[in-house]
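One-letter residues, chain by chain:
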Amino acid sequence: MEVKLVVGMEIHVQLATATKIFCGCKVGYEDLPNTNVCPVCLGLPGALPVMNKKAYEYSVRTAMALNCQIPSFTKWDRKCYYYPDLPKGYQISQYDLPMSENGTIEVADVNGKQKSIRILRAHLEEDAGKNMHDGTRHSQVDLNRAGTPLLEIVTEPDLRSATECKNLATELQKIVQFLGVSEANMQKGQIRFEPNINLIITEDGQTYKTPIIEVKNLNSFRAIEGAVEYESWRQLEAWKKDHNYTMEKCGKENRGWDANKNETVFQRGKEDAHDYRYFPDPDLVPVEIDDAWKASIRETVTELPRSYQERFITQYKLSAYDAAVLTGDKITAQFLDDAVKAGASPKRTANIITQFGLKVANEKECTLDQIGVSVTQITELAKIIDDGLISASASQTVFEKMLNSDQSAQAIAKENNLVQNSDSGALEDLLDAILATNNESVEKIKRGDKMAKKLRGFLMGEAMKQTKGQANPQVLNKLLSEKLK
Amino acid sequence: MDNLTLIQLRDKIATGDISAMDALNHTFDRIDSVDPTVKAYISIHREEATSQAIYIDEQINSGQPVGMLAGVPIALKDNMITHFGRTTCGSKMLENFSAPYDAHVVEKLKAAGAVIVGKCNMDEFAMGSSNENSAFFATHNPWDTTRVPGGSSGGSAAAVAAKTVWGALGSDTGGSIRQPASFCGVVGLKPTYGRVSRYGLVAYGSSLDQIGPLTKTVSDAALMLQVIAGHDSRDSTSIDEKDAQVDDYLCDIEKPINGLKIGIVKEFMASEGLDPQVAQANQAALDQYKKMGAEIIEISLPHIQYAIATYYLVATAEASGNLARYDGIHYGHRTTNTENVLDVYSASRSEGFGSEVKRRIMLGTYALSSGYYDAFYLKALKVRHLIRQDIDNALKLVDCIISPTAPETAFAMGAKTNDPLTMYLSDIFTIGVNLGGHPAISIPCGISKENLPIGLQIITPAFTEAKLFRIARMFESTNDFATKLPQL
């Protein structure tokens, strides 16, 4: 018996436009319920939608980053169904002529090898409001979210493992963040993933396809992996019990993810599947995009995470691990890139950012560019460490002071007496003086006495004391070794 | 005072001859006296109107500039959103609905100084041709109160014909301004689709709906259009003025068109159910035009026989989407006995909608449903394109197309309520125009033996309302139908 796992992913990305897709209400704020609303997004009688151009452009930007084709003509359709969070009784979406199709995205498989996942299409639509069921007899409807622009991306069923699904999810999240089209915070619901999962089973020359299961309510990458693993187990067991458990006989099914029990729960079968009665929305005009417009949007497709990562590894010779950490978000990646382009060494800069910068950013819960240091400051810090002007241990102190100061790294080091003395000549003289007054210890060290190590340490310590800690320890060490030969 | 035209009243108010309050008080008196019989109004807004009239009088008395309609009492069909009072659309569903905003046309009217007096009765959600589909009460034709005023803008037409106001706005999706204008002996204009903003017009058939004026004279209608026409960024289907500027509709209105070429539709002449008196009045009008130097040319609209079927697929499909928002959840009527949310939906809608509305929603839903979309809705869109092409092509050969507005005069109340299809045929001459989007006007052209008005319809190419008014004025200037409104 052979079992092949087949998964296609549907992704909804909330676009970070200032206003909603069809009206001027604010987007994305956690304000009091039903306060970011107007006649249009409330679906009041007589209200009409007007397309948000930025939302369309962000969608095209994203589709271009995913190598999609952008048709020159696209239109809007009404998707009709009833639900309390859908005030008009239809969602304005796109049906047969979406704004983009036929793209690809590179994703790492279980073995870390890159594979290409095909993107069937990406289209623009409006989000619904939120229903809240808080356990009372009533459900509550908050329409603040209704009308938020959503980019729906649909892949072909090219995914073959839970790992691939997770990798696709993380990669897509990074891409839209890097492009600046979405904050894509999963916990805030700004990016939502719905895997469509089934199995192709061959036994005794016969092929069976289990029903395609769409899983909803996944709000973490772990949940995505868990759901895919669970479904690949559940469907196989179900089929083993009854070989009639097939797509042909049972049709598509919707299930929800229960994060507490780590299992999927039945929601809706094919009998209850909606007939959405799609038809072109007569209130909106189609969008026709020409080459000039496409070109102007193409310029906004900034460098993608994968490209940064590859450059950091091949050009900057950073480790794969460091490259991954440094491309965790665009601001960090750009920060490193800018510092290196200004002359700092990649390795040193990477260290400063990963050891100091990101730590502070995490603590302050902000991005790297908001912690209080500039690219220029970091660039200089990296340089003076490499030049030996300060010791590696002093660099932390300098960094911390830079957080609250506009001064250059060098100025801060000087001000705080952190400048290392790397002047071999002066240090040699100093050492000679110290050795001269510690003849006995020197003899013992030269003889290889059992206290040699301790005594050597004492001499080093004395030199450091006399230079008020500013001697460059490496230089000192080297000189001392030579003198103690 | 109520024999003055809108423009005459406007002028007298502007010079201080009559005050806005005088005009308004006259309106209130008139409404109090005749509306119990005619029942054109769903709601009257005395406070709102009075404060506007007082404001206009202050402005005029202190020599401040005022708008083109300053002080003129106007009524609105009750599917135009006003932030004051209620907007009911003639339906139980919105019986107590009060909106937080004003429609674009309402803003324009107010900016022009108009005094909005009240909201007029209509067929529920603009679906009907007799005003009998109103959930509240029927409106009576001022010419003969046992007869219908037409629909769905029957209240607006009756309000003008009964001389309670000098102008009213209606909406036209398949003939709903023109047919009641014809039945009530007034002028009714459906502008080109996209000429007037639909923002704040409760949607029925989004690709067909247009707001237009009902008045006593052609010039009055031209003035009202002047005020409400123009681009609105809140309506994506409203035409950009760089593509179709708003002309001055009045400056040349008295200038006849020399060598006017009038098209008469071959396919209309074979219409069964065309009242011989209507046919006769239509012919008399054409003869009058000939006397003025016009040439009558027979033209063909080969696909016009499919207009009604096409309309009842396109309009109802769009309506099934547009009326989905009336779900008892956010606003409007909500049922009281419910077990679950599905009950809320089905009971609220069953209780809130009348039978014609339900009929059209079901028809539209069916036409869009899986397996039927191609055969019905998609096919209808294609035929619509052909009908539009037919009208465009015909209008290349002639300046305008003239036909009767309706195949009959006002019928008796209850005469057609048993058979929806018969009711639908009332729109046979008007309905193709909405599918094409062209502008069309109905003007009085005769009075039947039963003392009922007969209407003449004139159609011109898109965005040529200035010319349309001139052609209409040519005929109007040869008769005095505008003075023949019933003495109620």
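Notes on the structure in this doc start here. A quick note: this is a predicted structure, and the numbers were derived from the prediction, not measured.

### Overview of the packing of helix H9 (residues 330–341) of chain A against helix H10 (residues 346–364) of chain A
Residues and elements named next belong to chain A.
And step 1. Closest axis-to-axis distance for the H9/H10 pair is 10 Å, and the angle between their directions is 140 degrees. Helix-helix and strand crossings are classified by hand; for H9 and H10 the assignment is right-handed. In contact with Thr332, Phe335, Leu336, Ala339 and Val340 of H9, H10 contributes Pro346, Thr349, Ala350, Ile353 and Leu358.
And step 2. In terms of residue class, the contact of H9 with H10 is built from eight nonpolar, two polar and no charged.

### Quick word on the interface of chain A and chain B
And step 1. Tallying the contact residues gives 25 residues for chain A and 35 residues for chain B.
And step 2. Every element with two or more residues in the side of chain A that touches chain B is listed here: helix H1 (39–42) and strand E3 (77–80) of chain A.
And step 3. Class assignment for the residues of the side of chain A that touches chain B results in 17 nonpolar, three polar and five charged.

### Side note on the sheet that holds strand E7 (residues 261–265) of chain B
Residues and elements named next belong to chain B.
And step 1. With mixed pairing, eleven strands are arranged side by side in an open sheet as E1-E3-E2-E4-E6-E5-E10-E11-E9-E7-E8. In this open sheet, the two edge strands, each paired with only one partner strand, are strand E1 (41–44) and strand E8 (295–299). Between one strand axis and the next, the sheet turns by 30 degrees as a mean value, whatever way the strands run.
And step 2. Alignment of strand E9 (residues 400–404) against strand E11 (residues 453–459), held across four bridges, turns out to be antiparallel. Following the sheet pairing, serine 403 is matched in E11 by glutamine 457.
And step 3. Sitting on the sheet, helix H3 (residues 46–61) is in contact with E1 and strand E3 (115–120), with an inclination near 160 degrees to E3.

### Topic: the pairing of E7 of chain B
And step 1. Summarising the sheet, E7 of chain B and E8 of chain B pair through five bridges and their orientation is parallel. Following the sheet pairing, glycine 263 of chain B is matched in E8 of chain B by isoleucine 297 of chain B.

### Some thoughts on the sheet that holds E3 of chain A
Residues and elements named next belong to chain A.
And step 1. Reading across the sheet, the three strands line up as E4-E3-E15 and stay open at both edges, with antiparallel pairing between neighbours. Unpaired on one side and paired on the other, strand E4 (90–93) and strand E15 (279–280) mark the two borders of the sheet.
And step 2. Direction of pairing for E3 relative to E15: antiparallel, over a ladder of two bridges. In the strand pairing of E15, arginine 78 is matched with phenylalanine 279.

Thresholds, definitions, all that
Residues numbered from 1 in each chain as written. Chains lettered and ligands numbered in written order. Predicted model: local features only at pLDDT ≥ 70, side-chain atom pairs only at ≥ 80, totals over all residues. Axes fitted to C-alpha atoms, helices over the stretch in contact; angles between N-to-C directions. Helix = DSSP H or I, 4+ residues; strand = E, 2+ residues; numbered from the N terminus. Left-handed = near helix turned anticlockwise from the far one by under 90°. Contact = placed C-beta atoms within 7 Å. Nonpolar A, V, L, I, M, F, W, Y, C, P; charged D, E, K, R; others polar. Pairing = 2+ DSSP bridges.

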